[in-house]
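Spelled out, the chains give:
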Amino acid sequence: MSEATTPEGTPAPITKSAEKKLAKKKENEARLALKAAKAAKVAAAAPAGGEKKAKKEKGKEEEAPFVNTTPKGEKKDLSQPMTSGYNPIAVEAAWYDWWDAQGYFAPQLTEDGQIKPEGLFVIPSPPPNVTGSLHIGHALTVAIQDCLVRWNRMLGKTTLFVPGFDHAGISTQSVVEKRLLKTGVSRHDLGREKFMEKVWEWKEDYQGRITNQLRRLGGSYDWNRVAFTMDERLSKAVVETFCRLHEDGILYRANRLVNWCVKLNTTLSNLEVEQKQLDGRTMLSVPGYDPKEKFEFGAITSFAYPIEGSDEKIVIATTRPETMLGDTAIAVHPNDPRYKHLHGKFAKHPFVDRRIPIITDDIIVDMEFGTGAVKITPAHDPNDYEVGVRHNLPFINILNDDGTLNENAGEKFKGMKRFHARVAVVEALKQLGLYVETKDNPMQIPICSKSGDIIEPILKPQWWVNCKPIADEVLKRTRAGELHITPKPSETEWYRWLENIQDWCVSRQLWWGHRCPAYFVNIEGVEQDRNDGKHWVVGRTLEQATERAKKLAGDAKFTLEQDEDVLDTWFSSGLWPMSIMGWPEETPDYRMYYPSTILETGWDILFFWVARMAMLGVKLTDKMPFAEVLCHAMIRDAHGRKMSKSLGNVIDPIDVIQGLDLEALHAKLYEGNLDEREIQKAKAGQKKDFPKGIPQCGTDALRFALCAYSGGGRDINLEILRVEGYRKFCNKIFNATKFAMLKLDEKFVPEPTAKPTGNESLVEKWILHKLNLAAEDINKQLAERNFMNATGAAYNFWLYELCDVYIEAMKPMTDESASETMRRSSQQTLYTCLDHGLRLLHPFMPFVTEELWQRLPRRPNDPTPSIMLAKYPTFDKSFEFAEAEREFDLVFSAIKASRALAASYNIQQNLHVYIRAEKDEEAELFKSQVPTFLALTKNCKSVEVVRDLGGVPAGCGSEVLTPTIFVHVLVRGQVDIESEIVKCEKKLALAQMNLSKIAKVEAQEDYEATVPANVRLANEEKRKTLEADIKLLEHSIEMFAQMK
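These numbers come from a predicted model, not from an experiment.

Conventions we followed
Residues numbered from 1 in each chain as written. Predicted model: local features only at pLDDT ≥ 70, side-chain atom pairs only at ≥ 80, totals over all residues. Heavy atoms only, no water. Pairing = 2+ DSSP bridges. Helix = DSSP H or I, 4+ residues; strand = E, 2+ residues; numbered from the N terminus. Axes fitted to C-alpha atoms, helices over the stretch in contact; angles between N-to-C directions. Buried < 20%, exposed > 50% of the residue type's maximum accessible area, 1.4 Å probe, protein only. Phe/Tyr/Trp six-rings, centres within 6.5 Å; stacked < 30°, edge-to-face > 60°. Lys NZ or Arg CZ within 6 Å of the ring centre and 35° of its normal. Parallel < 35°, antiparallel > 145°, perpendicular 65-115°, else oblique. Contact = heavy atoms within 4.5 Å. Nonpolar A, V, L, I, M, F, W, Y, C, P; charged D, E, K, R; others polar. Core = buried A, V, L, I, M, F, W, Y, C linked by side-chain atoms within 4.5 Å.

Draft legend 1. Representation of the sheet that holds strand β30 (residues 911–917) in the model. Across the sheet, 4 strands lie side by side as β31-β30-β33-β32; this open sheet has mixed pairing. Lying at the two open borders of the sheet, with one neighbouring strand each, are β31 (940–946) and β32 (956–962). Strand after strand, the sheet turns through a mean of 20° between neighbouring axes, direction not considered. Sheet topology places β32 next to strand β33 (residues 965–970); 6 bridges connect them, and they run antiparallel. If you follow S958 over to β33, its bridge partner there is H968.

Draft legend 2. Highlighting the side chain of T377. Note that T377 resides in the loop between β15 (373–376) and α9 (382–391). With a relative accessible area of 1%, T377 lands in the buried category.

Draft legend 3. Representation of the packing of aromatic side chains within the structure. Scanning the entire structure with this criterion turns up 37 aromatic pairs. With a centroid separation of 5.8 Å and 35° between ring planes, the pair formed by F295 and F419 is classed as tilted. Placement of the pair is F295 in strand β9 (residues 295–297) and F419 in helix α10 (residues 418–431), with a sequence separation of 124 residues. The buried category is assigned to F295, whose relative accessible area is 4%. Residue class for F419 comes out buried when judged on its relative accessible area of 0%. Arranged with centres 4.5 Å apart and planes meeting at 50°, the rings of F729 and Y795 form a pair that is tilted. Within this pair, whereas F729 is found in helix α22 (residues 720–743), its partner Y795 is found in helix α24 (residues 787–809), the two being separated by 66 residues in sequence. Residue placement shows K460 over the ring face of W260; its charged tip is 4.5 Å from the ring centre. Sitting over the face of the ring of F520, R530 holds its NZ or CZ atom 4.2 Å from the ring centroid.

Draft legend 4. Spatial organisation of the packing of helix α5 (residues 169–181) against helix α7 (residues 192–216). At a closest axis distance of 10 Å, the pairing of α5 and α7 adopts a crossing angle of 105°. In terms of their interaxial angle, α5 and α7 are classed as roughly perpendicular. Where α5 abuts α7, its residues T172, Q173, V175, V176, E177, R179 and L180 lie against F195, K198, V199 and W202. Among the residues making up the contact of α5 with α7, the classes are represented as 6 nonpolar, 2 polar and 3 charged.

Draft legend 5. View of the nonpolar core. Within the largest apolar cluster, 167 residues are counted, with the highest numbers of intra-cluster contacts made by W798 and I915. When residues in this core are grouped by element, the largest group, 13 residues, is from α24. Excluding residues that lie within four positions of it along the chain, W798 makes contacts with F729, I733, T737, C803, L834, G837, L838 and L841. Ranked by size, the runner-up nonpolar core spans 63 residues in total, among them I485, C516, M578 and W583.

Draft legend 6. View of the sheet that holds strand β12 (residues 329–332). Here 4 strands make up an open sheet; going across it, the order is β13-β14-β12-β15 and the pairing mixed. In this open sheet, the two strands that pair with only one neighbour each are β13 (346–348) and β15. Averaged over neighbouring strand pairs, the angle between their axes works out to 30° when direction is ignored.

Draft legend 7. The arrangement of helix α21 (residues 699–709) in detail. Summarising burial for α21: 11 of the 11 residues are buried, a large majority. Restricting attention to buried positions, one finds in α21 the residues T699, D700, A701, L702, R703, F704, A705, L706, C707, A708 and Y709.

Draft legend 8. Representation of the environment of V610. With respect to the helices and strands, the residue V610 is situated in helix α17 (residues 606–621). V610 has contacts with W494, L599, T601, I605, F626 and V629, leaving out every residue within four places of it along the chain.

Draft legend 9. Local environment of the pairing of strand β27 (residues 626–632). Extensive coverage of β27 is indicated by the burial of 6 of its 7 residues. Pairing between strand β19 (residues 484–486) and β27: 3 bridges, direction parallel. Bridge pairing links H484 to E628 in β27. Bridging between strand β26 (residues 596–602) and β27 involves 6 bridges; their strand directions are parallel. Across the sheet, residue G602 finds its bridge partner in β27, namely H632.

Dropping the structure here:
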C-alpha cells in the first residue's frame, strides 16, 4: 500500500508555494471566523431594543484557533517565541510528516549497508483489522511498541517497525453485510464478485482511517514497507504454506465436527468460541429470531425411549432435546446390572423410522450419573462423535447450514428453526407420554465471539492442520530458551495450551479471504466422495494443480473445481513476521530482518495468533519468528468493564487527543451498526462516564498515561482524568523549558560535551547525579519491559527534581550578583538537564520533546537533525556525585522541614529559619547553601546557621533532622502558647515511650550476638534521634513556659 496510506480526503499533491498560500489563506479565514464569532457573541448578549450597550469583557483576548501553516513534509518554523501556554494540537502539528519525509523511520544501516554494530531491533506491528477504526486498546499497543522502537533507535541500533493491516475475514464480511442489510440488500443479492467489490471499498476506507490514527499516535513505522494480509506478496506466502503443509502431510481434509455459527454461516476455531456460564434455567434471545422471543437454556430434559419388542422404556436426559432427532445409539455401562438384559437390543425412535441400538461404553457412561443411560448423537456432539467412531455408528446430520432442520429430522420437524424444534420436540414427547421432567442444570453454552449466536457442533468436510508435532517442537524450543514470554502468567498459559493442543480447522465458509488453493478432481464416470481428501489436489498455480490432477485421474477425463471456502484469518496472520519480510522468497529484508526481536501484543490473542506464528515459523523456516513475546494488559473502562460499543465506553484515541463534546460523542454512535435500542443504551453510558465530553489531552499525554498504566497486570481500568493529568505534566515541561530558555541568554553556547567542567556547585552536582540515576533506572526498566516504573522515573526527575528543585535553586546563580563562572556553570548544567531530560522522555512523548528540543541550541559540531536520532542518555560515570547527593539531600531535608514547620504554624510570610548544626562540617555545608535555602523556601526572609541553642531565639517551633542537626522557625507572636505547650508535651510523651522501647530491645541478653549489625546500627540511630528530640522538646516546653 502506498497512496492508500494517506488519510481519507487527502488532496492531490500541490506545489510548495501554492501550499504556503493555501495555509496563509486558511489562517486568515480562521482569524475572520473568530472575529465574526466574537461579534455574534456580543450581539447575542446585548439587551433587546438596544437600550444599553454590551460591556466589554475584561481579561485576556481569546487566542485564535491554531492553524497548521507548515507545508506537508517540511520542518516546522520555530523562529517565533513560544506561545503563552501548551497547546497539544499546535505542538504535535507537522512533526510526523517531517520525520516521515526525512526517512527517519527507515532502518539506519552502516555505510556498507549492514546492521549497525550497536545491534538490531525489529518489531512486526500486530496488524489491526480493517473492520473499523482503532480503539484505545490499539493506542496502548502503539504506545508500548513505539516507545521500545524509539528507545532502541536512540540507543544507536538499526530499527525496523513494520506497519500493516489484517483483512479479518469473518469480522469484516460481517460488518459489511450488516451495513448492506440496512439498505435491504444481502450479499447473495449482489453475488460474490460485486460483494467483494464492496468489501474492498470498505477496506480502502478503513485502512486510510486507521493509517491516519496510527500517524496521529506517533508510531514511527516504516511506511515504505506497509503490508496487507491480502496483498499479492502476502497471498503468495499463504498459498505456499497451504501447499507445503499438505505436501508434508500436516494439512489434511476430513469430515469432522466443527463449531458452526448459523448467524455468520461459517465454521469457527475453538478459540473463537466463548463459554457462557448459566446457573440454571435461563431464558435467552438468539440472533436470527424475533428479539422478543426467548428460549430456555440451563435445563436438562428427561424422556423415555420405548424398547423394541416390549413395553419397557429406557430414560435418558439431554440439555438439547432437538438433537434426539439425530440419535443413533443409547449407551449404558457394561457393568451396570440395570441394563444387562438390554445389551444388543434396540429402542424405537418415536418420530423417525430408525432403530436405535443399545451399546455398552465404559468411557462416556457414568453409572452414578442420572439414569446411567446416555443418548448418542455422533453428528452433533464432540463426546458422542468419539463414541460413534469407537462403535462405527451412523453419523446423521439433522441441521441445514441456516439452522433449520433437514429431512433427516423427519417430516414433522423438517424446515423448523432449531430452537423452535426444541420446543416442538418436548411438546411431541408429552403428547406421546414419553416426557419425564425438566430440571435446572448449571452449565456452559458455547457462544460465537463474533455474532453472539449459539454454536452448533455439526459435521463438515474441512481442511485441518495437525498441530501436535509442530507444537511439541515449539515447546521444546521455548524450554530451551529460544523464546522468552512475559509476564509469567502468560508463559504458564503458553505451556498449558500447547501441551493440550488440538487440530486446527483452517477453512471458513466465507467470501472475503484467501480462497483455499485446493481442487476437487471430478473424474468423469467415477463415483467419488467429496468429503474424502484423496480426491483433492492442491497447487500453487492452476497449472500445478492440473498436473497433479492428471496423475490422479490417469487417462480418464476430469474437471477441476476449486474449493469455495476461504482460509481462517489466523492462517495468514500466522505468517506475518516472515511474509512481511518477503518469505517464501529469500529477499534482502528476509535475510536481514527475520526473525524479529520481539512480538508485543495483548494476552488475549496469545493462542489465536502468537502460538500459530511460532508453530508456522518453526515449521516453515526452522526458526522461532521472534525471540521475545511481551503481553500487555487489556484495557477496560474506569468501572472495570470490558469495552463494548453497546455500553458506549469504546474510546477512539483521536477523541482523547483532540477532545470531543458529549453531543459529538453521541453522534458517532450512529456511524456503526448499532440498532436504536443499543444506541440509546450507549448514550446513557457516555453521559454517565463523560458528562462534559472527553477533554483534549494530546497524543503525548495519552501515550505517557498508557505506558504509566503498564506494570505487568492483566487489566487496565482507564480513567480519562488520569490522562488529562499527564496533559498538565506536558504543560509543566513546556513552561519549565520556556522559563529555562530565558536563563540561557543570547550569548550562551553549550560546551562541546556534557562532561562536567569542575565548576559545578553542590546543587548542580546533585541534579546531574539525579539525572544519571534517572537515565540508569529508565534504561533498566525499559529493558525489563516495566513501563510503569520507567515513566515514573522520568516523571519524578522532571517534576520533583528538575522543576521543583534545580530550576528554582539556580535563580540566584544567574542573577546579576552571581559571578560569571557560576552563571555559566549553572547554565551549562541546566542545558544538559533539558537536553538529556527531553531525550529521556522522547520514547514516551515524541511530539512535545521534539518541539522543545528543536528550540534548544546545539552543541558545537553536533549535526543531529532530530531528537529521535539523538543518543539516548545512559549511565555516565562523570555524572556520578554520590557525596554531593548525600549532602544536598541533607540540605533539602532541612528545607522541607522548615516548610512543614511553617505550614503547621500557618506562617505564610516573613519566615525566619535557624539551622542549628553541632558539627563543623555540617555547619559549613549549611552556610554555603543559604542562597539555595532562600530560593527554595517561599516567603523566607532569613536563614541563619547557629552552633548551639544559645543562638536560637526564644519562641521557635523546632524539628530534629538528625541527632546533630535541628531546624527552628520563629513563631513568636503568631501562636497560642498554651496549645503549643500541650502539643510539645504530647510529642514528648510519645518520644519517651519510643525511647523506652528501643532501650528495652538493646538491653536484651545476647543483643550484640543475636541481632544483625545493620539492625543494631539502625536502633542506635533511632535512639540518638529520640534522645535529641526529647532534649529539644523539653527545651521548647521550658521556652514556651517562660513566654507566658
